[in-house]
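Examining the three-dimensional arrangement
Single-letter residue listing:
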Amino acid sequence: DAGVTQSPTHLIKTRGQQVTLRCSPKSGHDTVSWYQQALGQGPQFIFQYYEEEERQRGNFPDRFSGHQFPNYSSELNVNALLLGDSALYLCASSLGQMPPLHFGNGTRLTVT
Amino acid sequence: KNEVEQSPQNLTAQEGEFITINCSYSVGISALHWLQQHPGGGIVSLFMLSSGKKKHGRLIATINIQEKHSSLHITASHPRDSAVYICAVVLVGGTYKYIFGTGTRLKVLA
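Here's what I pulled together on the structure shown here. It should be emphasised that the depicted structure is a prediction, and the values quoted were computed from it without experimental measurement. (Residues numbered from 1 in each chain as written. Chains lettered and ligands numbered in written order. Predicted model: local features only at pLDDT ≥ 70, side-chain atom pairs only at ≥ 80, totals over all residues. Heavy atoms only, no water.)

Further remarks concern the sheet that holds strand S1 (residues 4–7) of chain B. All names here are of chain B. If you trace the five strands from one edge of the open sheet to the other, you get S1-S3-S8-S7-S6, paired in antiparallel fashion. Across the chains shown, the open sheet's two edge strands, defined by having one partner strand only, are S1 and strand S6 (52–56). Averaged over all pairs of adjacent strands, the angle between their axes in this sheet comes to 15°, without regard to strand direction. Here strand S3 (residues 19–25) pairs with strand S8 (residues 69–74) via six bridges, running antiparallel. Bridging across to S8, Cys23 finds its partner in Ser70. (Pairing = 2+ DSSP bridges. Helix = DSSP H or I, 4+ residues; strand = E, 2+ residues; numbered from the N terminus. Axes fitted to C-alpha atoms, helices over the stretch in contact; angles between N-to-C directions.)

Spelled out as structure tokens, the structure:
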């Protein structure tokens, strides 16, 4: 039973660049949520995708966008990267937008 | 003030000690989730509870809804328990939104 998988595990980008992170949900799950976790902080909610639509959004600028595919996998895109975007990006999946969330191992993004 | 507060922020214990991590929240919740995060970043679910007490191995989680407080206990702690423990609440209503605490960093010394 495959859990939540994220790729890549690590990424280094330069300010102003764009980045795409990918997530495959746990088998049987249809909802994907993305979180940003800065060093020493708890995860902050970015947005949630269900039925290929963004259903909820946290307090993040429009530079953060996403997509969900028919197979329930998801992408997180960040444009015009800032140094402050350096963080661990966590993907979590669930069934029918309901808890509990199951988390991936994250993608660590460093912006230089 | 954060809606979810954890204490302590950092904790160092000797192997074998009994450990308690506390979580207080100020919002209405439908459930509370205890999570474990290892240095690599991956988060593992420990418990989700909405009332009473749950036990799994050496881990025990309790919640008091009236007092808006939950505790995670680790009995006979071991160095492999070293991790960050995060409390997350699931808000009432139809959105099932999670709010996370900042975590308790636990180090268990051999």
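What follows concerns the sheet that holds strand S3 (residues 19–24) of chain A. Residue and element names in this part refer to chain A. Pairing within the open sheet is antiparallel, and its four strands lie in the order S1-S3-S8-S7. The open sheet has two free edges, formed respectively by strand S1 (5–7) and strand S7 (64–68), since each of these has just one partner strand. Averaged over all neighbouring strand pairs, the angle between strand axes comes to 20°, with direction disregarded. Summarising the sheet, S7 and strand S8 (residues 74–78) pair through five bridges and their orientation is antiparallel. Across the sheet, Phe64 pairs through a bridge with Val78, a residue of S8.

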